[in-house]
Amino acid sequence: MTALLESYAAGRWFRAQADGEPLLDAVTGEEVARLTSEGLDLRQMTDHARRVGGPAIRELTFHQRAVLIKELAKHLSADKDSLYELSYRTGATKRDSLVDIDGGFGTLFSFASKGVRELPNDTVVLDGGLERLGREGTFLGQHIYTSRPGVAVQINAFNFPVWGMLEKLAPAFLAGLPSIVKPASQTAYLTEAVVRRIISSGILPEGSLQLLSGSPRGLLDVLDEQDSVAFTGSAHTAGILRNHPNVQHGGVRLQVEADSLNCSILGPDVRPGDPEFDLFVKGVVSEMTVKAGQKCTAIRRAIVPEAIGDTVVEAIAARLAKITVGNPADENVRMGALASLGQRDEVRKAVESLRNSAEIVFGDPTEVKLIDADAERGAFLSPVLLRAGADAPEPHDVEPFGPVSTVITYRTTAQAIELAARGKGSLVGSLVTHDPAVARQVVLGVAPWHGRILVLDRDDAAESTGHGSPLPMLVHGGPGRAGGGEELGGVRGVLHHMQRTAVQASPDMLTAITGRWTTGSKRVVDEVHPFRKSLAELKIGDAVESAPRQVTLADIDHFAEFTGDTFYAHTDPEAAAANPLFGGIVAHGYLVVSLAAGLFVEPNPGPVLANFGVDGLRFLTPVKAGDTITVTLTVKQITPRTNAEYGEVRWDAVVTNQDGDPVATYDVLTLVAKN
Ligand code: NAP
């Protein structure tokens, strides 16, 4: 008998005491593995995640979590051959597997990098700025994100057994949540192989990742209001999950990525022979055939101007005729098999439904010429192109989850927008046009129905990642029929897992709670200039208050001449007097900032290594010749870099004039040695 897939539960590999259901090779029909979760204790898994995994992850700062994700990505990338071998058995070609396997590892790398660059080296994230709630500034509001002490359950579809898991695992882990992964049965053997590598590497803290190989029955029963479910799959299953009492009444958060009738619109400006015409045709064919069309983002509806409908159909058909189908391991094969014979039957049924209002113009769903494969044993299907008029209902309703697409013709741009919207909410849409006016009209028209829109033309084609590829830094999800979920999106995807809370408190309390100095909080000025302190010695609130300095007309003239910034407000008394904001010569804002640096600096070599920028610079009150400025610099945030001998220090800078009015405010960003 072939291997029985195991679950990784509560710190050990669990093997069910039952035969399990056979999982068949999509290409040969041979048994690959067996699957059952008979006897698996789901409550023990959620307890383990909450008691062991969650606390261990939340001990770590975002940066430390990101470093582990990067380490994991490197570890997994080092040895991929056997995963590719296994992936052939799902029906995937090498190119398909690249999207799933390398795409999954790439997503880990991307989240690791985002975690370090865009999240603090802390366990709390600030959302937005301070809200002043009282006149005196002693009562403020600050939104914060904290990690929930729950479990992130991830129920995945069969089509991306590796990427589908990793794109959910990475943001959940960064957010401080342990994951329980439930892969779709059909391709669970590939997910299991990757989870084995993750667990045996020991890189992630125990309890951060558990695997449920088998039935998810009862899983939602053991979840509560701190837990979440990220589901990818059919709208039908999503409906069952939405109706679960723990989702309806128990506060379990459900995020759904369901089926989607994505479209690609060919702009009314495009003519046969234009580069955009070929881009459109290539895009449709690629989306129909990569992963044998089993992609949630694949183009199911090609919406084209009626006047060139025939030409478009001919061009797509001509390209499809070159697509070779068969054994995905054969180098001459462009399209492999669907994931299972059952899946092939589903697609055939969907094509039959589409034929109620569309006619097949390429391909035969019952017959396909194969390379090195047996049509009786493998789940093969020819690409099928259909054609329909603008009023056909089925193409906007039936999802053929395979190599199938329908060309639909439109007369006006408004009608193209209306057709796109008839998909009732999609993950992604493409618009292929070289006309900026068309781009604006169509994108603004269809955006409310889409999670992502690709505008493709000759200018971005070479670098474009294509219609179908979700990217870790962009939101993946869509409204309505597509489920209403939002996965990925870089740090947005991380924050999605966290709780946002408005905290109302005094400045000192907010400083203590957030770990970031808040305007109005205590400052500490001692005899040691903060530029003499290493990262280990610096404390939030350490400050320097400068001596005063008068800004003279000679300073302003000198700066104007020296830099070449002879803008009239600094050089022409008459014109400056007529300026409604200044009423006379004023100092350059950059002069003020430069003088401030001269006032707060401690010039000798020391732990401060570099200034790498300023944030949020605002000039608030004009500085006139004769005014006297002073600057106060306060340590606002200290961020040690995990893999360097230095860290970042953010300083709050306030320049005031002789009346105490703020002249300029900004954050100074420096790199400071750890010791
Ligand atoms: P599915 O039948 O809905 O299965 C999806 C997942 O849900 C599988 O892991 C499945 O496990 C599990 N499941 C089934 N019944 C369940 C229940 N009662 N409670 C909890 N989990 C349950 O979908 P599929 O046929 O595998 O996937 C194809 C569909 O997914 C297509 O419609 C496609 O559009 C959609 N999809 C969407 C996206 C997206 O990002 N929006 C991505 C990929 C696919 P078992 O396999 O063990 O039954």
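Note that the structure is a prediction, hence the values are computed from the model and not measured.

1. What to know about the nonpolar core
Soluble, globular proteins show a tendency: their nonpolar side chains are buried together.
At step 1: Counting residues in hydrophobic clusters, the biggest one holds 60 residues, and the most contacted among them are Ile265, Leu266, Phe280 and Ile316.
At step 2: Among the elements that take part in this core, helix 9 (residues 275-289) stands out by supplying seven residues, more than any other.
At step 3: Apart from the residues lying within four places of it in its own chain, the contact partners of Leu266 are Glu276, Phe277, Phe280, Ile303, Val304, Pro305, Ile308, Val312, Tyr410 and Val432.

2. Quick notes on the UniProt feature "domain: MaoC-like" (unreviewed entry) in the protein
At step 1: The sites that carry the UniProt feature "domain: MaoC-like" (unreviewed entry) are, in the present numbering, residues 540-650.
At step 2: Helix makes up 30% of residues 540-650 and strand 32%. Its end C-alpha atoms lie 10 Å apart.

3. A word on unusual backbone geometry
At step 1: Located in the positive-phi region is Lys291, a residue other than glycine, with phi close to 55°.
At step 2: On the secondary structure map, Lys291 appears in the loop between helix 9 and strand 13 (299-305).
At step 3: Although it is not a glycine, Lys424 sits at a positive phi angle of roughly 65°.
At step 4: We classify Lys424 as exposed; its relative accessible area is 52%.

4. Quick word on the packing of helix 5 (residues 163-174) against helix 6 (residues 188-201)
At step 1: Between helix 5 and helix 6, the least distance of the axes is 10 Å, while the angle of their chain directions is 40°. Classified by the angle their axes make, helix 5 and helix 6 are oblique. Contact residues: helix 5 offers Met165, Leu166 and Leu169, while helix 6 offers Thr191, Val194, Val195 and Ile198.
At step 2: In the contact of helix 5 with helix 6, the residues fall into six nonpolar, one polar and no charged.

5. Points about the packing of helix 9 against helix 10 (residues 309-320)
At step 1: In the contact formed by helix 9 and helix 10, the axes pass within 10 Å of each other and the chain directions differ by 50°. The pairing of helix 9 with helix 10 is recorded here as oblique in orientation. The handedness of the crossing between helix 9 and helix 10 is right-handed. For the pair helix 9 and helix 10, contact is made by Phe277, Phe280, Val281, Lys282, Val284, Val285, Met288 and Thr289 and by Thr311, Val312, Ala315, Ile316, Arg319 and Leu320, respectively.
At step 2: Per-class residue counts for the contact of helix 9 with helix 10 are ten nonpolar, two polar and two charged.

6. Looking at the packing of aromatic side chains
At step 1: Under the definition given, this model contains seven aromatic pairs.
At step 2: Between the aromatic rings of Phe160 and Trp163, the centroid separation amounts to 5.6 Å while the plane-to-plane angle is 75°, which identifies the pairing as edge-to-face.
At step 3: Taken together, the ring pairs connect Phe531, Phe600 and Trp651 into an aromatic cluster.
At step 4: Looking at Arg65, its charged tip hangs above the ring of Phe62, at a distance of 4.8 Å from the centre.
At step 5: Of note, Arg196 hangs over the ring of Trp13, and the distance from its end group to the ring centre comes to 4.0 Å.

7. Digging into a positive patch on the surface
At step 1: Taken together, the side chains of Arg95, Lys282, Arg319, Lys322 and Arg334 define a basic patch exposed on the protein surface.
At step 2: Structurally, Lys322 can be placed in the loop between helix 10 and strand 14 (325-326).
At step 3: What makes Lys322 exposed here is its relative accessible area of 64%.

8. What to know about the UniProt feature "domain: Aldehyde dehydrogenase" (unreviewed entry) in the protein
At step 1: Residues given the UniProt feature "domain: Aldehyde dehydrogenase" (unreviewed entry) here are residues 22-442.
At step 2: Each end of residues 22-442 is marked by a C-alpha atom, and these two atoms are 48 Å apart; helix forms 38% of the span and strand 20%.

9. Re the site of the ligand
At step 1: Neighbouring the ligand are 24 residues, the closest being Asn156, Ser185, Ser234, Thr237 and Glu399.
At step 2: In the model, an oxygen atom of the ligand is placed 3.3 Å from a nitrogen or oxygen of the Gly233 main chain.
At step 3: Here a nitrogen atom of the ligand and a backbone polar atom of Ala258 are 2.9 Å apart.
At step 4: When the ligand is considered free in solution it has 900 Å² of accessible area, and contact with the protein chains removes 81% of it.
At step 5: When residues of the shell around the ligand are traced back to their parent elements, those giving at least two are strand 10 (228-232) and helix 7 (235-242).
At step 6: Considered class by class, the residues forming the shell around the ligand number twelve nonpolar, eight polar and four charged.
At step 7: Shared between two domains, the shell around the ligand takes at least three residues from each, and those domains are domain 1 (7-121 + 141-258) and domain 2 (263-482).

10. A closer look at the sheet that holds strand 18 (residues 404-410)
At step 1: Pairing is mixed across the open sheet formed by seven strands, whose spatial order is 15-17-18-13-12-19-20. Each end of this open sheet is capped by a strand with a single partner; those strands are strand 15 (359-362) and strand 20 (450-456). Across the sheet, the mean angle from the axis of one strand to that of its neighbour is 25°, orientation sign disregarded.
At step 2: Bridge analysis of strand 17 (residues 384-388) against strand 18 gives five bridges, and the strand direction is parallel. Bridge assignment links Val384 to a residue of strand 18, and that residue is Val404.

Criteria and thresholds
Residues numbered from 1 in each chain as written. Predicted model: local features only at pLDDT ≥ 70, side-chain atom pairs only at ≥ 80, totals over all residues. Heavy atoms only, no water. Core = buried A, V, L, I, M, F, W, Y, C linked by side-chain atoms within 4.5 Å. Buried < 20%, exposed > 50% of the residue type's maximum accessible area, 1.4 Å probe, protein only. Helix = DSSP H or I, 4+ residues; strand = E, 2+ residues; numbered from the N terminus. Contact = heavy atoms within 4.5 Å. UniProt positions renumbered as here; feature names shortened; annotations may be inferred. Axes fitted to C-alpha atoms, helices over the stretch in contact; angles between N-to-C directions. Parallel < 35°, antiparallel > 145°, perpendicular 65-115°, else oblique. Nonpolar A, V, L, I, M, F, W, Y, C, P; charged D, E, K, R; others polar. Left-handed = near helix turned anticlockwise from the far one by under 90°. Phe/Tyr/Trp six-rings, centres within 6.5 Å; stacked < 30°, edge-to-face > 60°. Lys NZ or Arg CZ within 6 Å of the ring centre and 35° of its normal. Patch = residues over 30% accessible without salt bridge, like charges linked within 9 Å, V, L, I, M, F, W, Y side chains within 5 Å. Areas by Shrake-Rupley, 256 points an atom, 1.4 Å probe, with all protein chains shown as cover. Salt bridge = Lys/Arg side-chain N within 4 Å of Asp/Glu carboxyl O. Lys, Arg positive; Asp, Glu negative; His and termini not counted. Charge placed at Lys NZ, Arg CZ, Asp CG, Glu CD. Near = heavy atom within 4 Å. Polar contact = N/O pair within 3.5 Å; in protein donor to acceptor, adjacent residues only side chain to side chain. Domains from an automatic or database assignment. Pairing = 2+ DSSP bridges.

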